[in-house]
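Report on the structure
Residue strings, one per chain:
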Amino acid sequence: MSSIPHDHAAAHGEGPDGHAHHPTGIMRWITTTNHKDIGTMYLWFSFTMFIVGGCMALTIRAELFQPGLQVVNPEFFNSMTTLHGLIMVFGALMPGAVGFANWMIPMQIGAPDMAFARMNNWSFWLLPPAAILLVGSLFVPGGAAAAGWTMYPPLTIQAGMGMDFTIFAVHIMGASSIMGSINIITTILNLRAPGMTLMKMPLFCWTWLITAYLLIAVMPVLAGAVTMLLTDRHFGTTFFNAAGGGDPVLFQHVFWFFGHPEVYIIILPAFGIVSEIIPTFSRKPLFGYASMVYAVAAIAILSFIVWAHHMFTTGLPTAGILFYMYATMLIAIPTGVKVFNWLATMWKGSLTFEAPMLFAIGFLFLFTLGGFTGLVCAIQPIDVQIQDTYYVVAHFHYVMVAGTLFAFFGGTYYWLPKWCGRMYDAKLAEAHFWLSFVFFNVTFFPMHFLGLAGMPRRVPDYAQQFADWNMVASIGSFGFGFTQLLFFYIVVKAIRSGAKAPAKPWEGATTLEWTVPSPAPYHTFETPPFVK
Amino acid sequence: MVRTKASVRAGSRLLQTIIAVALLGPGAALAAPEWNLQPPVTPIARQIIDLHSFIFWVCVVIFVGVFGVMFYSIFKHRKSVGHVAVQFHENTTVEVIWTVIPFLILLFMAFPATRTILAMKDTSAPDMTVKVTGYQWKWNYDYLQEGFGFYSTLSTPAAQIENREPKGEHYLLEVDNPLVVPVDTKVRVLVTAGDVIHSWWVPAFGVKQDAIPGFVRDTWFKADKVGTYRGQCAELCGKEHGFMPVVVEVVSKDDYAKWLTAQKAKAAAAGDDPGRVWEQKDLIARGEKVFAGNCAACHQLTGKGVPPAFPALDGSKVVNGPKAVQIRTVLNGVERDGKPTAMVSWKALSDTDIAAVVTYTRNSWGNKTGETVQPSEIKVARQ
């Protein structure tokens, strides 16, 4: 299987660089079936949504700068928290991870392209309409969905047509994710170069293989949940209405059966990226490769049996509480194994601290902190105090922002020379790390205190005793937001005028993508490499 | 652990203060920023704070250990100091060690947590029971054994929220009618909701229970210190979610007995003679108060509502049409396609209150029906 040639190249007998007949301009991007083009589009789409969702976050922080209502009214505030969550999860983080997968998986396993090139095109081009639905819902009568990204009924039953826009957007993005996952699984299982056994694959491919299975398992569940919402809203069903024999809490069970694996869908590719960066800049192979693979698999399997820890205050039976608490605590073990393995990889290495490594270490440090607060949240009696407070907000931003987003930044700085054939300004990239690191903590660390002291999340206004920390967090958030413009500048400057990058800019890099020139030719590995 | 609780708590406050000072600098003008869980006044809340301190310290120790190793490596094993990489990449023994040790640590955490969970779920043998119902956006407290109940609504004036007046000490954490309970009494709380999901939360009690429409959940607390304790709704419930505080006054048993007597007398007095025929202006005056307390959150004091979610009453077809229709709407709520809407049933209000508020809305803003609705008509409509 792995020697199947690229169909265009086979038909037209073209060299690795030539592809003169393909459409140019906008049509190139609309019709492309090239994994690198599609990866690029995914990444720019992700960045665009990151900026849109970021502006919403800054609106939230502007309103929360001081007690009292100053900037927006409560309905719009709720729309902002809802859309910020949906856009960051479905628009920024998930497509970002797929962008990395598109670019790197074929190059890392020595495949010429993704297995289903046209489906790849379609799974990307489903995303812009979904994004337009989400953002456009702000302008429909009644405003955008305002019931939180978790969409709990009965509140979502009350909402206006913005909610329907959201439901359709979720359907479309889910379809896109499922197609992307099928593609990734097929590519990894069938298109590996000769000699590239599964247990020789770079860890990034492993994390994505497992993530793709998670996506296929849970995206249909989410689609089912929001479809039931839709029929409850418009077609007289009462799945979530006690008066008709339904149960509002049923939605929470179904949603979190999707929602908890979703957390790992977002973090596992980040684990993969970090597992590529740390060995490279430690100049040492990854420590405990096999146990890293097993740990990812263990996390993925456990993620299916812990969902009700998001519902610890709904009034679960005692046995349920105990089961979900114990199961959740168990996740600390494989996660700990990963952290220890990364540290052991660095141990007695020959470390250098280029921007990718800085972000990887930042990831390691802050993600672990987020892991600890996750353990605190897993203890049900403590969760009773901090569930739905700013403590939880702090916890998941440590995992999603300092975790996944930092890994994406690190991955971008790691692979950008391969993508565009040019180096970026290393000093600016390091500045980007330090500013992000400091402002991230200024923003989110105080939220632990706010949550412990009793500030609920998703409120547009708060009592006086929360004023100091909110002001600190708001200042930090604006610093963090504006720092990301620097990232944009660094990337654009590198693409336009960066110094030419060598095929392997990193001394310690060992994976297959560094064996092809920089920038990577339009088609790579049309003749599969042989992996020893 | 038992004997060290106090010192652990003191230690964790000290550490947190040090972190805070380091973060913000000594000159920062901080009144009294809050760091930690609120001071507990129930056995459960005390167990929770001890559990949190215990786990916090375990995490701190692990964190320092693990990242001590990382920073040692960062400083000693860097290329710039000439360190050459040692090419090891596997060791089954250490993998087993760092799988088993965390497991043992988790066992030590799970044990006290399990004990607390069993205690929290034990709602048996209460001394009294209160039913709490969440509505958009207020709480209703029903003293089931005493046969009375009341609504509890935010009492912070809009002027403070809109920054036209300085904010008071208990800004957003004050209500017109707090829940009143006696000290040292096991209070079982039945929690439900009338419209969407809310969550009844009092941090000092260590109690947070989602209020789910159509289902009754229970929890309990036994406060051992007289005082006023403040919490908030903890589940997003719509636009005024941030404005539905929970306030509980824990009073001495004597004071509670007095309060109970006064409440019963008040309830009897307020249970106006439903046969009384009212003057229109008296009903309008009373209706204005009822409206402000119950209806204005959605329909607004201006009667303009927030369309399309909350329709305007000013100029509304229902309010200006036959009064029977409006009375039915207030009594039964509005269903659309067989499902309840934000307009819930207001049956819990007295006949006089409903008569007053209907009369008020039919003769306010641009509505000029001139009609008066008497309590007796409500009584008939109820049947």
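Definitions and limits used
Residues numbered from 1 in each chain as written. Chains lettered and ligands numbered in written order. Predicted model: local features only at pLDDT ≥ 70, side-chain atom pairs only at ≥ 80, totals over all residues. Heavy atoms only, no water. pLDDT = per-residue confidence, 0-100. Contact = heavy atoms within 4.5 Å. Bend = angle between axes of the 7 residues up to and from the residue. Helix = DSSP H or I, 4+ residues; strand = E, 2+ residues; numbered from the N terminus. Polar contact = N/O pair within 3.5 Å; in protein donor to acceptor, adjacent residues only side chain to side chain. Buried < 20%, exposed > 50% of the residue type's maximum accessible area, 1.4 Å probe, protein only. Salt bridge = Lys/Arg side-chain N within 4 Å of Asp/Glu carboxyl O.

In low-pLDDT regions, the fine details of the predicted coordinates are not to be read closely. For chain A, the average pLDDT comes to 94, and 96% of its residues sit at 70 or higher. A low-confidence stretch, residues 1-18 of chain A stays under pLDDT 50, and its non-local contacts, those more than four residues away or across chains, total 32 contacts.

Bringing helix H16 (residues 390-420) of chain A into the picture now. Residues and elements named next belong to chain A. Tyr414 marks where H16 bends most, by close to 45 degrees; the proline Pro417 follows one to four residues later. Its side-chain oxygen placed 3.1 Å from the backbone nitrogen of Tyr391, Thr389 serves as the N-cap of H16. Downstream of H16 by one or two residues, Gly421 has phi in the positive range, about 75 degrees.

Moving on, we get to the environment of Met471(A). All names here are of chain A. Along the chain, the position of Met471 falls in helix H18 (residues 467-497). Residue classification places Met471 among the partly exposed positions, given a relative accessible area of 32%. The spacing of Met471 and Phe65 is 406 residues in sequence and 4.8 Å in space, taken between C-alpha atoms. Sequence-distant contacts of Met471, that is, excluding residues within four places in its chain, are made with Phe65 and Gln66.

Quick look at the pattern of salt bridges now. Using the criterion set out here, one finds 18 salt bridges over all chains in the structure. Asp425(A) is the salt-bridge partner of Lys493(A), the closest N and O atoms lying 3.2 Å from each other. Of this pair, Lys493(A) sits in helix H18 while Asp425(A) is found in the loop between H16 and helix H17 (426-453), placing the two residues 68 residues apart along the sequence. Where Glu507(A) meets Lys79(B), a salt bridge forms, and the shortest distance between an N and an O atom there is 2.8 Å. In this pair, Glu507(A) is assigned in the segment after H18 and Lys79(B) in the loop between helix H2 (43-76) and helix H3 (92-120), connecting two distinct chains. Counted as one network, the salt bridges with shared partners bring together Arg283(A), Glu507(A) and Lys79(B).

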